[in-house]
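# Structural description and commentary
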Amino acid sequence: MSEEITDLNAPAAPAAEPDKRADVPQDPPLYDGLKLPEGVVFDEPSLDAFKNLSQEMGLSLEQVQKLVDFEGRFVRQGESEEQSQKQQIMENWARQTREMYGPKLEEAVSCAVRAADIFGGPELRNLLEATGLGNHPVIVRTFNEIGKRISEDSFPGGKPAAVQDKTFAEALYGKHN
């Protein structure tokens, strides 16, 4: 039976110091002074992951700020290119619509707008304007056709009722009396 006996009079072992190895993350610096470039938005999970990675790499606030500013330039450039492409697409739609209707463009657009207002109201108009879809040839054609069909001047597929003279009694008392 051998038991290990500890000496109570022996000096205490030194307190464990925090592990300072590079592969063990320490408490992340807050990067409180970090400023995002104007007009650039990063989602919180991505920004938090970036801050954690920066901390693991031991980057200072100044280094992290330089990286954020650098990335911000590319984000703004990408947004600018995307906006330019969107503008070209909308201009192409408007050109196709003009070609489709030629000199009757104003009449077709007016009829389409009237139908969109009747069935969709201001919300639809705002959506079509905000997205540029109000210039799309299919949208204009669709609402133009709807507008033609609901116009007060005609009834699709029907014939106007023949005008019949009323008798004196019908005029006084109505048809069923």
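Look above for the structure.
Quick caveat: nothing in here was measured; it's all calculated off a predicted structure. (Residues numbered from 1 in each chain as written. Predicted model: local features only at pLDDT ≥ 70, side-chain atom pairs only at ≥ 80, totals over all residues. Heavy atoms only, no water.)

Each helix and strand in the protein was counted, giving five helices and zero strands. Reading the protein from its N terminus to its C terminus gives the helix and strand order α-α-α-α-α. For the protein, buried positions account for 18% of its 177 residues. Taking contacts inside the protein between residues at least 6 apart in sequence as the whole, the part at least 24 apart equals 73%. (Helix = DSSP H or I, 4+ residues; strand = E, 2+ residues; numbered from the N terminus. Buried < 20%, exposed > 50% of the residue type's maximum accessible area, 1.4 Å probe, protein only. Contact = heavy atoms within 4.5 Å.)

On to helix α3 (residues 105-131), then. The end-to-end C-alpha separation of α3 is 21 Å, well short of the 39 Å expected for 27 residues at 1.5 Å each. Along α3, the largest kink reaches about 120° and is centred on glycine 120; proline proline 122 follows within four residues of it. Among the residues of α3, Ala108, Cys111, Ala112, Ala115, Ala116, Gly121, Leu124 and Leu128 are the ones counted as buried. At the exit of α3 stands glycine 132, carrying a positive phi of roughly 85°. (Expected span 1.5 Å × (residues − 1). Bend = angle between axes of the 7 residues up to and from the residue.)

Per the counting criterion, the structure on display carries five salt bridges. The salt bridge partner of arginine 125 is aspartate 117, with a shortest N-O separation of 3.0 Å. Between lysine 148 and glutamate 145 there is a salt bridge; the shortest N-O distance is 3.2 Å. Of the two residues, lysine 148 and glutamate 145 are both situated in helix α4 (residues 137-150); the distance of three residues between them amounts to about one turn of the helix. By relative accessible area, lysine 148 is classed as partly exposed at 43%. Beyond isolated ion pairs, a larger network of salt bridges with shared partners links Asp117, Arg125 and Glu129. (Salt bridge = Lys/Arg side-chain N within 4 Å of Asp/Glu carboxyl O.)

Nothing here speaks to function; it is geometry throughout.
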